[in-house]
Amino acid sequence: MDLERLKDTAQAMVSPGKGILAMDESAPTCQKRFDALGIPSTQEMRREYRTMLVTTAGLGEHIGGAILFDETLRDETLDGRSFVEILNEQGIVPGIKVDTGAKDLALRPGEKVTEGLDGLDRRLAEYREIGALFAKWRAVYVIGGNCPSSACYVANAHGLARYAALCQANDIVPIVEPEVLMDGSHSIDESFIVTQQAQQLVFEALASQGVNLEGIVLKPSMVISGSGGSDRAGIDEVAIQTLRCLRSTVPPAVPGIAFLSGGQSDEEATLHLNAINNLESNLPWAVTFSYGRALQAAAMKKWGGDSRNFGEAQKVVYHRARMNGLASLGKYQPGLEAI
Ligand code: 13P
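Starting afresh in each chain, residues are numbered from 1 along the sequence in its written order. Since the coordinates come from a predicted model, pLDDT governs what is reported: local features require at least 70, and pairs of side-chain atoms require 80 or more to be given and counted, while whole-chain, interface and lining totals use all residues. Heavy atoms from the whole structure form the basis of all side-chain values; hydrogens and water molecules are not counted.

## Brief notes about the site of the ligand
So, point 1. Near the ligand you find 13 residues, and of these Lys136, Lys219, Ser261, Gly262 and Arg293 are the closest.
So, point 2. For this analysis, a polar contact is any N or O atom pair within 3.5 Å, provided that within protein one partner can donate a hydrogen and the other can accept it, and provided that sequence-adjacent residues contribute only side-chain to side-chain pairs. Glu177 places a polar side-chain atom, nitrogen or oxygen, 3.0 Å from an oxygen atom of the ligand.
So, point 3. The side chain of Ser261 places a nitrogen or oxygen atom 2.5 Å from an oxygen atom of the ligand.
So, point 4. A majority-of-atoms criterion places the ligand in the largest pocket. It suffices for a single heavy atom of a residue to lie within 4 Å of a molecule or strand for the residue to be listed as near it. A cavity, in this analysis, means grid points on a 1 Å lattice covering only the protein atoms where a 1.4 Å probe fits yet has no way out; a pocket is instead an open set bounded by protein on both sides within 12 Å along at least five of seven lines, and a residue lines either one if it has an atom within 4 Å of a point. Think of it this way: if more than half of a molecule's atoms are within 2 Å of a pocket's grid points, that molecule is in the pocket or cavity.

So this is what it looks like as C-alpha cells:
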C-alpha cells in the first residue's frame, strides 16, 4: 500500500470547493431514471447522457472525482475517447462503484446486506489498470419496526471494512458509504441514533481490518427526518444534528466527508451542505458532496434523450456543481440559483 498516493488521491477528491459527482447508476437504476422521463434505456443512450455530463466545460472547477459504473469506465464517449481520458483532462479523479448491490439479509426480512467481496481483489487490480483511483461501496440501513437489527449493522460494517482494506491493498481510495435511508416516517432523533450506531460500527470494523483512515473518504447520509414524516426537521436542525453525529463518530484523520443526497431535492441538498459548513470554522475534515440525483436530476430532464439539448443540459450540470461547490465552502445563497 502506497499511503502517500492514497492520501494525495483522497485530498484531490475533496479539495476546497470541490465535491464528487456520483454517476455510477447500475443499468437497472439508470433505466428507472430514464423510464420516468420516457427515455429509452439502451447502452447508446447511457453513453450519450454520460458523455454530456463529463464533457461539461469547467466541470473540474467544482468536481474533484466522478464515480462511474463498470460499463462507463470501459466505455468511450461519443467522440471515441475513453471516459477516463476525458475526466483526467478535466482534472477529475476517475472512480468506480465496485459493490454488486444490496441483497436480502438472510433471516432478517426487510433488511439488506451489500455483496461483492468475492473476486474483488482481482477486479480492483483490473480497475486500477484501466485508470480508477478510487472506489465506492454502499451499505443501506432501513429505519422502522425493529430495524436495523444488530445483524444488519454488523454484516454491513464488516463488508465495508473488508472492501476498504482490499481497496487500499490495491492503492485505490475506498469511499465508505453507510446510507441510512430517508424512506419512512421516522423522526430526526431516530435518524440520529441509527446513523451514529451505523457509523460507530463501521469505524470499529475499519480499525479491526487495519484500514488507514488517512486514505479513505466517508460518504454518509445526513441526519434527517424520514421523507414521509410530518413535522420534518428544518435546515438548521438537520445541519446541527448531522455535525453532532459526525463529531461523535469520525476521527480527524479522515480527510473528507462527502454526503450522498438520498432523495433530497436539489436545493434542499445544497442548503443542508451549506448550513453544515456554516456551523463551525476549522472542521477537522473537508465536508462536501457526493451527490447523484441532486446533481443530475435537473440536467437529465433538460437533456430528455435528445442530443440537441446538450448545451442547455450542460449549463444545468455546471450550475448545480457550482452551487454545491459553493455550499462546500459555506458560501451558497439561494439568490444564486437564478441562471
Ligand atoms: P444520491 O445522491 O442520489 O443518493 O446517490 C449517491 C450515491 O452514490 C448512492 O450510492
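## So, helix H11 (residues 293–303)
So, point 1. Of the positions making up H11, those classed as buried are Ala294, Leu295, Gln296, Ala299, Met300 and Trp303.
So, point 2. Numbering of helices and strands runs from the N terminus; a helix is a DSSP stretch of H or I covering at least four residues, while a strand is a stretch of E covering at least two. Phi turns positive, to about 60°, at Gly304, one or two residues after H11. Burial classes follow relative accessibility: with a 1.4 Å probe on protein chains only, a residue under 20% of its type's maximum area counts as buried, one over 50% as exposed, and anything between as partly exposed.

## With respect to the pattern of salt bridges
Opposite charge on two side chains permits them to pair, given that their charged atoms come into close proximity.
So, point 1. Salt bridges are identified by distance alone: a Lys or Arg side-chain nitrogen within 4 Å of an Asp or Glu carboxyl oxygen. Per the stated rule, a full pass over the model turns up 20 salt bridges.
So, point 2. We note a salt bridge from Lys7 to Glu214, for which the minimum N-O separation is 3.9 Å. With Lys7 in helix H1 (residues 3–13) and Glu214 in the loop between helix H8 (188–208) and strand E8 (217–218), the pair connects residues that are 207 residues apart, well separated along the chain.
So, point 3. Lys7 gets classed as partly exposed once you look at its relative accessible area, which sits at 25%.
So, point 4. The salt bridge partner of Glu179 is Arg138, with a shortest N-O separation of 2.6 Å. Here Glu179, found in strand E7 (residues 173–180), pairs with Arg138, found in strand E6 (residues 134–141); they are 41 residues apart in sequence, far enough to count as distant.
So, point 5. By relative accessible area, Glu179 is classed as buried at 5%.
So, point 6. Residue classification places Arg138 among the partly exposed positions, given a relative accessible area of 28%.
So, point 7. What you see here is one network of salt bridges that share partners, running through Glu4, Lys7 and Glu214.

## Describing the environment of Arg128
So, point 1. Inspection of the secondary structure assignment puts Arg128 in helix H6 (residues 120–130).
So, point 2. The spatial distance from the C-alpha of Arg128 to the C-alpha of Phe310 is 31 Å, given a sequence separation of 182 residues.
So, point 3. In this description, contact between two residues means that some pair of their heavy atoms is separated by no more than 4.5 Å. With residues near it in sequence (within four places) discarded, Arg128 still touches Arg5, Leu133, Asn170, Asp171 and Ile172.

## Examining empty space enclosed by the protein
So, point 1. Grid points are joined across faces, edges and corners, and a volume is the space filled by probe spheres set on the points. Summed over the entire model, instances satisfying the criterion amount to two cavities of 30 Å³ or more.
So, point 2. Of the volumes computed, that of the largest cavity is approximately 50 Å³.
So, point 3. The residue inventory of the lining of the largest cavity, partitioned by class, reads six nonpolar, four polar and one charged.
So, point 4. In this structure, the second largest cavity occupies an estimated 40 Å³ of space.
So, point 5. Those elements that provide at least two residues to the lining of the second largest cavity are H11 and helix H12 (310–327).
So, point 6. Gly falls in the polar group here, along with every residue not listed as nonpolar (Ala, Val, Leu, Ile, Met, Phe, Trp, Tyr, Cys, Pro) or charged (Asp, Glu, Lys, Arg). Across the lining of the second largest cavity, the residue classes break down as seven nonpolar, one polar and no charged.

## A word on the sheet that holds strand E3 (residues 93–97)
Within a sheet, adjacent strands bond to each other through the backbone by hydrogen bonds, running parallel or antiparallel.
So, point 1. What the eight strands build is a closed barrel, ordered E1-E2-E3-E6-E7-E8-E9-E10; its pairing is parallel.
So, point 2. Strand pairing is defined by DSSP finding a minimum of two bridges between the two strands. Looking at chain direction, E3 and E6 are connected through three bridges and run parallel. Within the sheet, the bridge partner assigned to Gly95 lies in E6 and is Phe134.
So, point 3. Strands in contact with H1 are strand E1 (19–23), strand E2 (63–68), E3, E6, E7 and E8; relative to E7, the strand with the most contacts, it is inclined by about 50°. To define axes, lines are fitted to C-alpha atoms, for helices over the stretch in contact only, and angles between the resulting N-to-C directions are given on a 0 to 180 degree scale.

## Topic: a negative patch on the surface
So, point 1. Residues enter patches when their relative accessible area tops 30% and they take part in no salt bridge; the joining distance is 9 Å for like charges and 5 Å for the nonpolar side chains Val, Leu, Ile, Met, Phe, Trp and Tyr. Computed with a 1.4 Å probe, the accessible areas rest on the Shrake-Rupley method; for each residue, only the protein chains presented here act as cover. Counting rule applied: Lys, Arg positive; Asp, Glu negative; His and chain ends not counted. Where a charge lies is defined by one atom per residue type, namely NZ (Lys), CZ (Arg), CG (Asp) and CD (Glu). Taken together, the side chains of Asp189, Glu190, Asp236 and Glu237 present a region of like negative charge at the surface.
So, point 2. Those elements that provide at least two residues to the negative patch are H8 and helix H9 (235–249).
So, point 3. A relative accessible area of 56% means that Asp236 is categorised as exposed.

## Notes on the pairing of E6
So, point 1. Counting buried positions along E6 gives seven out of eight residues, so the element sits mostly inside the fold.
So, point 2. The sheet contact formed by E6 and E7 spans eight bridges and is parallel. Across the sheet, residue Lys136 finds its bridge partner in E7, namely Ile175.
So, point 3. By the criterion used throughout, a crossover qualifies as right-handed when its path from the first strand across the helix to the second strand runs clockwise, the strands pointing away from the viewer. Note on the crossover from E6 through helix H7 (residues 150–169) to E7: the handedness is right-handed.

## Thoughts on the packing of aromatic side chains
So, point 1. Here a pair means two rings of Phe, Tyr or Trp (six-membered ring of Trp) with centres within 6.5 Å. Their orientation is stacked below 30 degrees between planes, edge-to-face above 60, and tilted elsewhere. By the definition in use, this model includes six aromatic pairs.
So, point 2. Ring centres 5.5 Å apart and planes at 50° place the aromatic pair Phe34 and Trp303 in the tilted group. Remark: Trp303 occurs in helix H11 and Phe34 occurs in helix H2 (residues 27–36); sequence separation between them is 269 residues. Both residues of the pair, Phe34 and Trp303, count as buried.
So, point 3. The exposure class of Trp303 is buried, given its relative accessible area of 0%.
So, point 4. Taken together through their ring pairs, the aromatic side chains of Phe34, Tyr49 and Trp303 make up a single cluster.
So, point 5. By definition here, charges over rings are those cases where NZ of Lys or CZ of Arg is within 6 Å of the ring centre and within 35 degrees of the ring normal. Over the ring of Phe192 we find Arg244; its NZ or CZ atom is 4.1 Å from the centre of that ring.

Read these as spatial facts, not as claims about activity.
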